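Observations on the model geometry
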Amino acid sequence: VLLQASGGGLVQAGGSLRLSCVASKRTFSRYFMGWFRQAPGKEREFVAGISWSGANTNYAESVEGRFTISRDNAKNTVFLQMNSLKPEDTAVYYCAADRSAGSVDRTSTSAYDDWGQGTQVTVSS
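Basis of the calculations
Residues numbered from 1 in each chain as written. Predicted model: local features only at pLDDT ≥ 70, side-chain atom pairs only at ≥ 80, totals over all residues. Heavy atoms only, no water. Disulfide = S-S within 2.5 Å. Helix = DSSP H or I, 4+ residues; strand = E, 2+ residues; numbered from the N terminus. Buried < 20%, exposed > 50% of the residue type's maximum accessible area, 1.4 Å probe, protein only. Phe/Tyr/Trp six-rings, centres within 6.5 Å; stacked < 30°, edge-to-face > 60°. Lys NZ or Arg CZ within 6 Å of the ring centre and 35° of its normal. Contact = heavy atoms within 4.5 Å. Pairing = 2+ DSSP bridges. Axes fitted to C-alpha atoms, helices over the stretch in contact; angles between N-to-C directions.

What follows concerns the state of the cysteines. Counting across every chain of the model gives one disulfide. One disulfide in the model links Cys21 with Cys95; its S-S distance is 2.1 Å. On the sign convention where negative is left-handed, the bridge of Cys21 and Cys95, at about 65 degrees about the S-S bond, is right-handed. Of the two residues, Cys21 is situated in strand E3 (residues 17-23) and Cys95 in strand E9 (residues 91-98); the sequence distance between them amounts to 74 residues. Residue Cys21 shares its accessibility class with Cys95, and that shared class is buried.

Laid out in C-alpha cells, this is it:
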C-alpha cells in the first residue's frame, strides 16, 4: 500500500500540529497503523500505533498525554494530533502499515510492511 504523509511544519514550543497519512488502498481498514519519527543522527523510533478498528491505541512514553492517534477508515486516513510540542519532538515523522495480523512487537520498525515518505516537524524553543 502506498502511504502519503502530510501536515508537518515549523511550530513554536507549546504549539500543535496535526499529521495526516492517506493510504492508496481500501484494504487500509484491515491494517494496524503506526507513526514513527527519526531525528538527525538518531534511530527511527515508535511514536504511536492504532488497531484496524481504532479501538486500541498505544503510545511511546515520551508522547503519552500529548499526542493522539486516530483513523478514519472511510477516508483511508490515519492522523496524529500533536499538542504541547517540545523542541525534542523535532524529527521527520513517518506513517507505516502493518499488513500482517500476527506481529508481536508493533513498536519495532520491523513489524511494518509499508512506509510513507515522511513529513518534517520542527519545534522551535
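Once that is clear, we can look at the packing of aromatic side chains. Counted under the stated rule, the structure contains four aromatic pairs. Considering the side-chain rings of Phe36 and Phe46, the 5.6 Å spacing of their centres and the 80 degrees angle between planes classify their relative orientation as edge-to-face. One end of the pair, Phe36, is in strand E4 (residues 32-38); the other, Phe46, is in strand E5 (residues 45-50), with 10 residues separating them in the sequence. With relative accessibility at 0%, the residue Phe36 sits in the buried group. For Phe46, a relative accessible area of 10% puts it in the buried group. Here the aromatic residues Phe36, Phe46, Tyr112 and Trp115 are joined through ring pairs into a cluster of three or more. Lying over the aromatic face of Phe79, Arg18 brings its terminal NZ or CZ to 3.9 Å of the ring centre. Of note, Arg44 hangs over the ring of Tyr94, and the distance from its end group to the ring centre comes to 3.6 Å.

With respect to the helices and strands, Val121 occurs in strand E11 (residues 119-124). Between the alpha carbons of Val121 and Ala97 there is a distance of 20 Å; along the sequence they are 24 residues apart. What Val121 contacts, discounting residues up to four positions off in sequence, is Gly8, Gly9, Leu17, Leu19, Met82, Asp89, Thr90, Ala91 and Tyr93.

Another aspect to go through is the sheet that holds strand E8 (residues 77-82). The strand order across the open sheet formed by four strands is E1-E3-E8-E7, and the pairing between neighbours is antiparallel. The two strands at the open ends of the sheet, each matched to only one other strand, are strand E1 (3-6) and strand E7 (67-72). Put simply, the sheet's adjacent strands are angled 15 degrees from each other on average, direction ignored. As defined by bridge partners, E1 adjoins E3 across four bridges and the pair is classed as antiparallel. Counterpart to Gln4 in the pairing with E3 is Val22.

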